[in-house]
Amino acid sequence: MDLVPALEEPLKKVLGPATAKVMAEHLGLHTVGDLLHHYPRRYAERGELTRLAELPLDEHVTVVAQVATARILKFNGGRGQRLEVTITDGSGELQLVFFGRGIHKPHKDLLPGTRAMFAGKASVFNRKMQLAHPAYQLLNAESSDEAAEAVGSWAGALLPIYPATAKLESWKIAKAVDLVLPSAREAEDPLPDSLREGRGLVPLPEALLKIHRPHTKDDVAGARARLKWDEAFVLQVALARRRFAETQLTAVARVPQQNGLLTAFDAKLPFTLTDGQQKVSKEIFDDLATEHPMHRLLQGEVGSGKTMVALRAMLAVVDAGGQAAMLAPTEVLAQQHHRSITEMMGELAQGGMLGGAEHATKVTLLTGSMNTAGRRQALLDLATAEAGIVIGTHALIEDKVQFHDLGLVVVDEQHRFGVEQRDALRSKGKQPPHLLVMTATPIPRTVAMTVFGDLETSVLDQLPAGRSPIASHVVPAADKPHFLARAWERVREEVSNGHQAYVVCPRIGDDEDEKPKKGKKQSAEDEAEKRPPLAVLDVAEDLAHGPLQGLKVEVLHGRMQPDDKDAVMRRFAAGETDVLVATTVIEVGVNVPNATAMVIMDADRFGVSQLHQLRGRVGRGSAPGLCLLVTEMPEAAPARARLGAVAATLDGFELSRIDLEQRREGDVLGQAQSGVRSSLRMLAVIEDEEIIAEAREEATKVVSADPELEALPALRVALDALLDEEREQYLDKG
């Protein structure tokens, strides 16, 4: 029988089933190795007081502080009691509250002058930050035996504070780590010796021991530097192998013919391309002319002219005798691309038809909801090469779809598609087709290297002439209710000037489980914290019978039938609807140049990049755009600062940096490339730009010398673990 390697030992064998279950369910930790890679978030020094002034709202926090005051207050006519404890750390104060029968032990333990670790969820009550019923562990050795043992259980002077949950406090995780730490000595090192020694990095077993139980700050710094390198390097090796595999494939070089379709198209353009569009087009044409498949990511703000660049690439491929397919995430978007491309091409899109130009081709649409006859014709156009360009949804990936000679695949809004869908469409070429992936979500360079590391990157950062600026403002509905009334007046003004508006809400509504539970009365501040986010169906009704009475208001959300969604969007695009109250389904989608105003309700519930993405739906015509970010959050809340940042700049790249710094690698990685997010625990993608760039270089060298990593078995094991996680994530996504 094989012995299970120490790091693969299930936690339930080491910690017992109850603790292991909580770790698996709440922290995603299943094995000894998983727990060893659950690193402390920070360290508190014995004599140091942590900064209460910087506590994040709505997160589980652990603080080390000293009790300043403790008093019991009566309420409910003396029937109820609560214990209020104020703790301090020199940077600020924090209130702790205990209710009912739960006040006796803390009242005895938490005497003024006592130092302790406290853990709980930071919330706001009466405009003050507080922890309700926090768990705590005393740190004054003389105050009790338990406290003496608590302090003694940490070797060295630094207390590790772990990412924790309500069910499992930091110090309980620390005790569990103590039990598995001896196994760290058996960790296999994935870094090649030459790389590790050349960069002066400590061996992996030593890094794991020092990250969990450091004696000095230098221990922490050395361990971090090493663990960041592991994460960056293993990930870059995975991507380098994917790139290497691509270079082994052959593709048909597609060189546009002189005086063909592309020349005819360029000649009829009523404007000149921006410098950015010309530069990016050259990069793409150079790639298309090689005998390896192009693999390029084209990123640019909403409205930077990506579709124009993609269309010229598709025309070049048609000129060279191939076909091009554009994959869009929704039917609405596929139809819009089809409309705008046929309009831009004019008679050049009427191949095989009367009135078609000399070099014309046919532009076909293929979506899931087409009728049988339309679908049959579209499939025939593709198989016979009658259609040089096809635009469609996932329907393009189905088995029945056959191309005559697929030369280029353009994927719009990459993060909506998994790599496997990209590959399914590419497998329809006789030889692997070239690939161009487009996204309107600005992605900092390091993230592009991390997430889309198998793609070369092109950036369009100029807006074409004629686009209008968008003014953005925060509307503090709680502090200044008259500001919200003014927001609805502004919407009415835009409509009376012949324009239209969007109102965006985080939730659809009318869901039983979404309704707040009936129960004890709460303060207004408490309700702002705890109430469910505003919902489309409720807001639309309130507006139609209140501040926007008399205007034509419609709703749009993800639970509607596709036909109904399309009908609503068509009416809005045609100007028949004044105000569209919607969820984020409008984030990627229809171009309505006449929509000039957007009001985002509960804007603090959205991420920075998502707000920027939504805002890009207005100001698409010649009239200036207006975006109002409505929030109930008090001024001191971190969420308000985030909204301020969105209002202050229209630069998506700057905002995506802010977004990532706040959420660390967060969703940008999670949604964009399955598995990546969960594998980055130590690496901060923004701060560690240098490590990522160097790791990419080293990984490329290692893979070109030894593509199968035969000389590096430990690296192969680390890679399998990372890719297993990726595959698992794919299955989760279905």
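Residues numbered from 1 in each chain as written. Predicted model: local features only at pLDDT ≥ 70, side-chain atom pairs only at ≥ 80, totals over all residues. Heavy atoms only, no water.

**Q** Would you take a moment to explain the overall build of the protein for this structure?
**A** Per the secondary structure count, the protein includes 27 helices and 21 strands. Buried residues in the protein amount to 52% of all 734 residues. For the protein, the computed accessible surface area is about 32,900 Å², with 51% contributed by carbon and sulfur atoms. (Helix = DSSP H or I, 4+ residues; strand = E, 2+ residues; numbered from the N terminus. Buried < 20%, exposed > 50% of the residue type's maximum accessible area, 1.4 Å probe, protein only. Areas by Shrake-Rupley, 256 points an atom, 1.4 Å probe, with all protein chains shown as cover.)

**Q** Would you explain the sheet that holds strand S14 (residues 434-439) in this entry?
**A** Backbone-to-backbone hydrogen bonds pair the strands of a sheet. The strands run either parallel or antiparallel. Read across the open sheet, the seven strands follow the order S11-S12-S10-S13-S14-S9-S15; overall the sheet is parallel. Each edge of the open sheet carries a strand with a single partner, namely strand S11 (362-366) and strand S15 (456-460). Neighbour-to-neighbour, the strand axes of the sheet open up by a mean angle of 20°, direction not taken into account. In the packing of helix H11 (residues 275-288) onto the sheet, contacts are made with strand S9 (295-300), strand S13 (406-412), S14 and S15, and the angle to S15 comes to roughly 155°. (Pairing = 2+ DSSP bridges. Axes fitted to C-alpha atoms, helices over the stretch in contact; angles between N-to-C directions. Contact = heavy atoms within 4.5 Å.)

**Q** Honestly, the side chain of arginine 312 in this entry has me stumped. Any pointers?
**A** Position of arginine 312 among the secondary structure elements: in helix H12 (residues 306-319). Using a relative accessible area of 9% as the deciding quantity, one classes arginine 312 as buried.

**Q** How should the pattern of salt bridges be read in this particular structure?
**A** When the charged atoms of two side chains lie near each other, side chains of opposite charge can form a pair. A full pass over the atoms with the stated rule returns 30 salt bridges. Note that glutamate 493 is salt-bridged to arginine 490, the shortest N-O span being 3.1 Å. Pair noted here: glutamate 493 and arginine 490 are both in helix H17 (residues 481-496), with a separation of three residues, about one helical turn. Each member of the salt-bridge network shares a partner with another, and the members are Asp189, Asp193, Arg196, Arg226 and Asp230. (Salt bridge = Lys/Arg side-chain N within 4 Å of Asp/Glu carboxyl O.)

**Q** I would appreciate a short explanation of the side chain of serine 183 in the present structure.
**A** With respect to the element layout, serine 183 can be found in the loop between helix H6 (170-180) and helix H7 (193-198). Judged by relative accessible area, which is 17%, serine 183 ranks as buried. Those residues in contact with serine 183 that sit more than four places away from it in its chain are Ala6, Leu7, Val32 and Leu36.

**Q** Is there a simple way to explain the nonpolar core in this structure?
**A** The tendency in soluble globular proteins is for nonpolar side chains to be buried side by side. Core analysis: the biggest nonpolar cluster contains 38 residues, and Met314, Met345, Ile389 and Leu408 have the highest contact counts within it. Sorting elements by how many residues they give to this core places H12 first, with 10 residues. Those residues within four positions of isoleucine 389 in sequence are excluded, and the remaining contacts are Leu311, Met314, Leu315, Val318, Ala324, Met345, Thr361, Lys362, Val363 and Thr364. Leu7, Met23, Val177 and Ile211 belong to the second-largest nonpolar core, a separate cluster that totals 32 residues. (Core = buried A, V, L, I, M, F, W, Y, C linked by side-chain atoms within 4.5 Å.)

**Q** When you look at the packing of H12 against helix H13 (residues 331-345) in this model, what are you seeing that I'm missing?
**A** Orientation of H12 relative to H13, taken along the N-to-C sense of each, is 70°, at an axis distance of 11 Å. Taken together, the axes of H12 and H13 lie roughly perpendicular to each other. Considering only the axes of H12 and H13, their crossing is right-handed. Across from Thr307, Met308, Leu311, Met314 and Leu315 in H12, the residues of H13 making contact are His337, Ile341, Met344 and Met345. Within the contact of H12 with H13, the residues separate by chemical class into seven nonpolar, two polar and no charged. (Parallel < 35°, antiparallel > 145°, perpendicular 65-115°, else oblique. Left-handed = near helix turned anticlockwise from the far one by under 90°. Nonpolar A, V, L, I, M, F, W, Y, C, P; charged D, E, K, R; others polar.)

**Q** Just to check I follow, could you spell out the packing of helix H9 (residues 217-247) against helix H26 (residues 689-705) for this structure?
**A** Pairs of packed helices are described in terms of their axes, by the angle between the two and the distance that separates them. Two elements in contact, H9 and H26, have axes whose closest approach is 8 Å; the angle formed by their N-to-C orientations is 50°. For the element pair H9 / H26, the angle class is oblique. Of the two elements, H9 crosses H26, and the hand of that crossing is right-handed. The segment H9 lies against H26, with Lys228, Trp229, Ala232, Phe233, Gln236, Val237, Ala240, Arg241, Arg243 and Phe244 engaging Ile691, Ile692, Glu694, Ala695, Arg696, Glu698, Ala699, Thr700, Val702, Val703 and Ser704. Looking at the contact of H9 with H26 residue by residue, the classes come out as 12 nonpolar, three polar and six charged.

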